[in-house]
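# Architecture at a glance
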Amino acid sequence: MKLMPMNAAAFSMNALPNLAFSGAWVTSKLFDMAEKIHGMPRIAELNIIADGSEIEALDMSGAWVMHSVLNRLSTQGKTITYKGFKPEFAERLEIVAHEFNRHANASRDIKITPPSWLEQIGITATKALKEAKDLLSFVGEVSLMIVASIINPSRIRWRPILYNIREAGFNAIPIVGVLAFLLGVVVAYQSADQLRNYGANIFVVDLIGISMLREFAPLIAAVIIAGRSGSAYAAQIGTMSVTEEIDAMRVLGIVPMEMLVLPKLIGMVISLPLLTVWADMLGIFGGMLTAKTQLDVSFVDFIGRLVKAVEMTTYTVGLGKAFVFAIIITMIGCFQGFRTHGGADSVGRQTTRSVVQSIFLVIVADALFSVLFSILKI
Amino acid sequence: MPSQEIIIEVSNVSTSFGQHKVHDNVSLEVKRAEIFALIGGSGSGKSTLLREMMLLHRPDSGKIKVHGVDLTNITEAQGQSLRQHWGVMFQHGGLFGSLTIQENVGLPLREHTDLPDSLINELAEWKLSMVGLQSGVYGQYPSELSGGMLKRASLARALALDPDLLFLDEPTSGLDPISAGEIDTLILKLRDMFGLTILMVTHDLDTLWQVSDRVAVLANTKVEALGSMLELSVSKVESVRQFFDGKRGRSAYAQEQKISELHI
């Protein structure tokens, strides 16, 4: 058969008791046949003659639909006789009739009801609890691994650690620098008007210094790294588990945690605080430039004031936070990676979750730190 | 049984990847309602030839005609209509991971026809039961299925639009002997009942003996031999001999001899 044009499938009840089928009963020519069947009029004749002499072609779907026309009539108690069907078409109709009845019986057995809203809430809550429990046990496993590495330091893989420091730390220097600088400019700029009103221009130093070192630099660095490296960790481990590489490691006697998680964790714990120091510097530099242009605070005045206004603890608090954020980001990224099961879209889903969850947890942790520090009066 | 009408015509096709030459003036013809198998060692270009026939890869020179349509200068519209006349079963299934098995099978129908959802679901269920899958798995995702089930589901999707040409890439590889036998039977049934033309790439000697009408042996960038399994089994060509004289080749041949004796 060449790709020749065929007529649309049709049936005619104009010459009852003759039911004349015509056209090509093939998938692409069925068009709105289902509606036509649905709108079939009730007829009085008890004996129907199905005339198949005008049928051009009949494929499996066509036979299925044709059978549903005939089935509708036979359920109304009509007797159907067949006329003019080519032998191969008749044979196909017969196969379909057999399948059709089996299907009708089978589909009556299976009834799937979607869960009610209460059940849905329950399912969601159980899932969330289960995930929290899994995360906890993941953290436990990694902790044990760290202890084991400290006891037996020769098992630490230095090469991947260095690689991770380059990937997550060194390569992120430009983007972290630019964003921290802009953040410093913006914060100083927003406060400039207010400070000028009170003639408190020099206090821009306190504002920039404390807010940058304590809050903004660790936070902006963590958010960027969560988006940049946390997602990469989840995607890498996720893809490896989809392609059975994780299983391959296990059967080769390599502990995936030790190979995949530990180097990332150590690399990140070194990189993120360093990036935070870098963000501190660029953020303050941004604020310094704005202070000079908007508030006439010279660089010398700015730095002179900065040393007095900012205590050492402000700086170390920021670095401490960065250390914790680094642990959060790596743990969530790797955890979500290991949770990947199935195919490509699961990798995407877990990667998204890793970014959302790690940013969420970073901000929650930041808020908890604020509460803690205010209680401790640091 | 095969008619004389030619469905796929490959003439003087040459393909190379960089310096590596895969095909050099390869020509063959597949007739209507024929079960045609491509065999050859790894890297002999079977899969590449298959991909060229399905518009996934373009040969460097030569002509491929499918249903009389030349694939070299094909328009997008022609390509689309051609694609609805063939079904493809990929070696690893190629099922969409974000859809259930039933949705996978229904997808071509949803894309290319105006049939209502209820009918599409019925047809998809039927195609799935035809390839021997139980109704319990229809709602599952491909990642939850075993390799054999994936193959069957992939075959069901290939059959969704009732194609008259079926491409099968390793239809029985990785299957247990019973499932492989069932797939063989299904392939024969599809051809006998619905007149499908089937082109497959396979290494499975049992499938080749049971199912194929003609076999083309690709080796050294050429079609080294072409004929029925019986004809090939007495061929003197070295690349064909390698295929039959291996231990597995001999045992499949012996088995075939026993079966045909029983029939006589």
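What counts and how
- Residues numbered from 1 in each chain as written.
- Chains lettered and ligands numbered in written order.
- Predicted model: local features only at pLDDT ≥ 70, side-chain atom pairs only at ≥ 80, totals over all residues.
- Heavy atoms only, no water.
- Helix = DSSP H or I, 4+ residues; strand = E, 2+ residues; numbered from the N terminus.
- Rg over C-alpha atoms; globule rule 2.2 N^0.38 Å.
- Buried < 20%, exposed > 50% of the residue type's maximum accessible area, 1.4 Å probe, protein only.
- Contact = heavy atoms within 4.5 Å.
- Areas by Shrake-Rupley, 256 points an atom, 1.4 Å probe, with all protein chains shown as cover.
- Lys, Arg positive; Asp, Glu negative; His and termini not counted.
- Charge placed at Lys NZ, Arg CZ, Asp CG, Glu CD.
- Domains from an automatic or database assignment.
- Buried area = accessible area lost by both parts, 1.4 Å probe.
- Salt bridge = Lys/Arg side-chain N within 4 Å of Asp/Glu carboxyl O.
- Polar contact = N/O pair within 3.5 Å; in protein donor to acceptor, adjacent residues only side chain to side chain.
- Nonpolar A, V, L, I, M, F, W, Y, C, P; charged D, E, K, R; others polar.
- Pairing = 2+ DSSP bridges.
- Axes fitted to C-alpha atoms, helices over the stretch in contact; angles between N-to-C directions.
- Parallel < 35°, antiparallel > 145°, perpendicular 65-115°, else oblique.
- Left-handed = near helix turned anticlockwise from the far one by under 90°.
- Phe/Tyr/Trp six-rings, centres within 6.5 Å; stacked < 30°, edge-to-face > 60°.
- Core = buried A, V, L, I, M, F, W, Y, C linked by side-chain atoms within 4.5 Å.
- Expected span 1.5 Å × (residues − 1).

### Considering the overall build of chain A
- Secondary structure assignment for chain A yields 12 helices and four strands.
- Taking 2.2 N^0.38 as the reference for a compact globule, 378 residues should give roughly 21 Å; the C-alpha atoms of chain A span a radius of gyration of 36 Å, well beyond that estimate.
- When its C-alpha atoms are laid out on the principal axes, chain A stretches across 105 × 60 × 50 Å.
- Out of the 378 residues in chain A, the part that is buried amounts to 42%.
- Contacts in chain A between residues at least 24 apart in sequence constitute 81% of all its contacts with a sequence separation of at least 6.
- A total of about 20,100 Å² of accessible surface is found on chain A, and carbon and sulfur atoms cover 66% of it.

### Side note on the overall build of chain B
- Within chain B, the regular secondary structure consists of 10 helices and 10 strands.
- Scaling as 2.2 N^0.38, a compact globule of 264 residues should have a C-alpha radius of gyration of about 18 Å, and chain B matches this with 19 Å.
- C-alpha atoms of chain B, sized along the principal axes, occupy 55 × 50 × 35 Å.
- Counting the 264 residues in chain B, one finds 52% classified as buried.
- Across chain B, every contact between residues at least 6 apart in sequence was considered, and the portion connecting residues at least 24 apart equals 64%.
- Total accessible area on chain B is roughly 11,800 Å²; 50% of this is exposed by carbon and sulfur atoms.
- Within chain B, the 33 negative side-chain charges are centred at a point lying 5 Å from the centre of the 24 positive side-chain charges.

### Focus on the domain arrangement of chain A
- When its domains are assigned, chain A resolves into domain 1 (10-109), domain 2 (113-155) and domain 3 (157-376).
- Relative to domain 2 of chain A, the C-alpha centre of domain 1 of chain A lies at a distance of 56 Å.

### With respect to the interface of chain A and chain B
- Contact residues are listed per partner, giving 24 residues for chain A and 33 residues for chain B.
- With both sides pooled, the region where chain A packs onto chain B buries about 2,500 Å², and carbon together with sulfur makes up 66% of that total.
- Joining chain A to chain B, the criterion identifies zero salt bridges.
- Across the contact surface, chain A and chain B share six residue pairs in polar contact (both at pLDDT 80 or more).
- Partitioning the side of chain A that touches chain B into residue classes produces 12 nonpolar, five polar and seven charged.

### Describing the pairing of strand β2 (residues 20-31) of chain B
Residues and elements named next belong to chain B.
- Both strand β1 (residues 6-17) and β2 contribute to a ladder of eight bridges, which runs antiparallel. In the strand pairing of β2, T15 is matched with H23.
- Counting the residues that bridge the hairpin from β1 to β2 gives two residues, and of these G18 lies at a positive phi of roughly 65°.

### Quick notes on the packing of helix α9 (residues 256-295) of chain A against helix α10 (residues 299-309) of chain A
All names here are of chain A.
- Across the interface, α9 lies against α10 with an axial gap of 10 Å and an inter-helix angle of 130°. Between α9 and α10, the angle is such that the two are oblique. Pair α9 / α10 crosses with right-handed handedness. Where α9 abuts α10, its residues I284, G287, M288, L289, A291 and K292 lie against F299, F302, I303 and L306.

### Here's the deal with the sheet that holds strand β7 (residues 165-169) of chain B
All names here are of chain B.
- Across the sheet, which stays open at both edges, the six strands sit in the order β6-β7-β8-β3-β9-β10 with mixed pairing between neighbours. Lying at the two open borders of the sheet, with one neighbouring strand each, are β6 (86-89) and β10 (222-227). For this sheet, the mean inter-axis angle between neighbouring strands, taken without regard to orientation, is 15°.

### Section: the packing of aromatic side chains
Residue and element names in this part refer to chain A.
- With the rule as written, the count across this model stands at 10 aromatic pairs over all chains.
- Relative to F85, the ring of F21 has its centre 6.5 Å away and its plane inclined at 55°; by these criteria the two rings are tilted. With F21 in strand β2 (residues 18-25) and F85 in the loop between β4 (79-83) and α3 (87-109), the pair connects residues that are 64 residues apart, well separated along the chain. Residues F21 and F85 agree in their burial class; the two are buried.
- Geometrically, the ring pair formed by F138 and F338 is tilted, given 6.0 Å between the ring centres and 50° between the ring planes.

### Side note on helix α1 (residues 46-53) of chain B
Residues and elements named next belong to chain B.
- Where burial is concerned, most of α1 is hidden: six out of the eight residues are buried.
- Within α1 the residues assigned to the buried category are K46, T48, L49, L50, E52 and M53.
- One or two positions beyond α1, positive phi appears at L55, with a value near 65°.

### Describing the sheet that holds β2(B)
Residues and elements named next belong to chain B.
- Strands sit in the order β2-β1-β4-β5 across an open sheet of four strands; the sheet is antiparallel. The two strands at the open ends of the sheet, each matched to only one other strand, are β2 and β5 (69-70).
- In this structure, β1 lies alongside strand β4 (residues 61-66), joined through five bridges in antiparallel fashion. In the sheet register, S14 faces β4, and the bridge partner there is S61.

### Section: the nonpolar core
- Grouped together as the largest cluster of nonpolar side chains are 84 residues, with contacts concentrated most on F11(A), L19(A), F21(A), W25(A), L155(B), L166(B) and L190(B).
- In terms of residue count, the dominant contributor to this core is helix α2 (residues 60-75) of chain A (eight residues).
- Beyond its immediate sequence surroundings of up to four residues, W25(A) is in contact with A9(A), A10(A), F11(A), L30(A), M33(A), I55(A), A57(A), L58(A), D59(A), G62(A), V65(A) and M66(A).
- Listed in part, the 45 residues of the second largest apolar core include F138(A), A168(A), L219(A) and L260(A).

### As for helix α12 (residues 344-376) of chain A
Residues and elements named next belong to chain A.
- Its 33 residues place the ends of α12 47 Å apart at the C-alpha level, agreeing with the 48 Å of an ideal helix rising 1.5 Å per residue.
- Where α12 is concerned, the buried positions are S346, V347, Q350, T351, S354, V355, S358, V362, A365, D366, F369 and F373.
- Where the residues of α12 are buried, they touch α7 (204-242) and α11 (312-338).
- Of the residues one or two after α12, K377 is the one with positive phi, at around 55°.

### Concerning the pattern of salt bridges
- Summed over the entire model, instances satisfying the criterion amount to 21 salt bridges over all chains.
- Residue D192(B) is joined to R191(B) by a salt bridge in which the shortest nitrogen-to-oxygen separation is 2.9 Å.
- Here R191(B) falls in the buried class, since its relative accessible area comes to 4%.
- Among the charged side chains, a salt-bridge network with shared partners connects K130(A), D134(A) and R339(A).

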